[in-house]
Amino acid sequence: MDQEKIGKFIAECRREKHLTQAQLAEKLNLTDRAVSKWETGKSMPDSSVMLELCKILGITVNELLSGEKINVEHYGEKADENLVELTRRGENKIGIRGIMAMLCSVSIFIGIMVCAICDIAVSGDLTWAMIPIGSMFFAWIVILPVLLGKRGIGGGLFFLSVFIFPYLYFLGERLHEKSVFSVGAAMSGISLAYLWIIFFLFRLLRSRKLLAAAFTCLLLSSLNLSIKTILVRMISETYINVWDFLSMFLFIIMAFIFFVWDYAKQKGFLR
């Protein structure tokens, strides 16, 4: 498959339907930048939008992947070629993910071994090394499924949500300090809630990332204050100071900028 040829074909079909890049992107719930990347051959349409894209452009998936209109007599031949090429690309992606997962696993294993050997050599037993070993193992559990799968950020958030609390309990036990788990769990809980809200914001506003960024800044403006408020109740030494209000003010300014930017783009003042 020739990405540049496919991109030119998409652009040609879009013009035949009298659609702009922004209009096509809006129909697909994407950004016009994504459509621009397709048409310049920098990327390919994702499989999740291929059928809808073809329906809008009035072509078949086979024609999309071929980058041209196909005659009936050559249709089967082109379909076979495209199927083989897609299979080859899928195998290459799996190979790259496997290599990245292997490199990550080897690096973490080496780190664990170095910590264990140094601790045993100095102390004669595993003492302080259990904390970095546990931390590296936690990182491996969270990162590895993302490298091997297709869940991306959502997958990383899911595994982080599942394993963060057992990890904090482990740290509290090793440090013999129960407040590590109680305070850490409270901070992690509110932070994860904000992260999930931001994640779904960008999913829902996929075609308007500037608007999603504006709402994200508004959320972040209250995150630090929320964390500090909880800490004040849990730890008497912690207090809210002027820097907390300053950071909140800066996030509000950033939100205003993104709102204006999104408005200008929607009205056609910016491309």
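Residues numbered from 1 in each chain as written. Predicted model: local features only at pLDDT ≥ 70, side-chain atom pairs only at ≥ 80, totals over all residues. Heavy atoms only, no water.

*Asks:* Account for the overall build of the protein, naming residues and giving values.
*Replies:* When helices and strands are tallied, the protein shows 11 helices and 0 strands. If you list the helices and strands of the protein from N to C, you get α-α-α-α-α-α-α-α-α-α-α. By the burial criterion, 34% of the 271 residues in the protein qualify as buried. Of the contacts made within the protein by residues no fewer than 6 positions apart, 56% connect residues no fewer than 24 positions apart. Accessible area for the protein stands at about 17000 Å²; split by element, carbon and sulfur atoms hold 66% of it. (Helix = DSSP H or I, 4+ residues; strand = E, 2+ residues; numbered from the N terminus. Buried < 20%, exposed > 50% of the residue type's maximum accessible area, 1.4 Å probe, protein only. Contact = heavy atoms within 4.5 Å. Areas by Shrake-Rupley, 256 points an atom, 1.4 Å probe, with all protein chains shown as cover.)

*Asks:* Please provide a residue-by-residue account of the side chain of Thr216, values included.
*Replies:* Locating Thr216 in the fold gives a position in helix H10 (residues 209-234). Ignoring any residue separated from it by four or fewer positions in sequence, one finds Thr216 in contact with Ile198, Leu201 and Phe202.

*Asks:* With reference to specific residues and values, describe the nonpolar core.
*Replies:* With 21 residues, the main nonpolar core has Ile10, Leu24, Leu28, Trp38, Leu53, Ile59 and Leu64 as its most contacted residues. Sort the elements by how many residues they give to this core and helix H4 (residues 47-57) lands first, with 6 residues. In this structure, Leu64 is in contact with Ile6, Phe9, Ile10, Met50, Leu53, Cys54 and Ile59, ignoring residues within four places of it in sequence. Counting residues in hydrophobic clusters, the runner-up holds 10 residues, among them Ala101, Ile108, Ile133 and Leu144. (Core = buried A, V, L, I, M, F, W, Y, C linked by side-chain atoms within 4.5 Å.)

*Asks:* Report on the pattern of salt bridges, specifying residues and quantitative values.
*Replies:* Side-chain pairs of opposite charge can arise whenever the charged atoms involved come near each other. Tallying each qualifying case throughout the model produces 4 salt bridges. The residue Lys265 makes a salt bridge to Asp32 at a minimum N-O spacing of 3.7 Å. Of this pair, Lys265 sits in helix H11 (residues 242-266) while Asp32 sits in helix H3 (residues 32-39); the two residues are 233 residues apart in sequence, bridging distant segments of the chain. (Salt bridge = Lys/Arg side-chain N within 4 Å of Asp/Glu carboxyl O.)

*Asks:* Which residues make up the packing of H10 against H11, and what values do they have?
*Replies:* Interaxial distance between H10 and H11 falls to 7 Å at its minimum, and their mutual angle equals 170 degrees. Judged on the interaxial angle alone, H11 and H10 are roughly antiparallel. Classifying every residue of the contact of H10 with H11 gives 18 nonpolar, 3 polar and 4 charged. (Axes fitted to C-alpha atoms, helices over the stretch in contact; angles between N-to-C directions. Parallel < 35°, antiparallel > 145°, perpendicular 65-115°, else oblique. Nonpolar A, V, L, I, M, F, W, Y, C, P; charged D, E, K, R; others polar.)

*Asks:* Can you explain H10? Please cite residues and give values.
*Replies:* Since one α-helical turn is 3.6 residues long, residues separated by three or four positions face the same way. Under the 1.5 Å per step criterion, the end-to-end length of H10 is 37 Å for 26 residues, consistent within 8% with the ideal 38 Å. Regarding H10, the residues found buried are Leu210, Leu211, Ala212, Ala213, Ala214, Thr216, Cys217, Ser221, Leu223, Ile227, Lys228 and Leu231. Elements in contact with the buried residues of H10: helix H9 (178-204) and H11. (Expected span 1.5 Å × (residues − 1).)

*Asks:* Can you explain the packing of aromatic side chains? Please cite residues and give values.
*Replies:* The tally for this structure, following the rule as stated, stands at 10 aromatic pairs. Look at Phe258 and Trp261: their rings are 6.2 Å apart centre to centre, the planes differ by 5 degrees, and that puts the pair in the stacked class. Residue Phe258 and its partner Trp261 are located together in helix H11, separated by 3 residues, close to a single helical turn. What links up through ring pairs into an aromatic cluster is the set Phe158, Phe159 and Phe163. (Phe/Tyr/Trp six-rings, centres within 6.5 Å; stacked < 30°, edge-to-face > 60°.)

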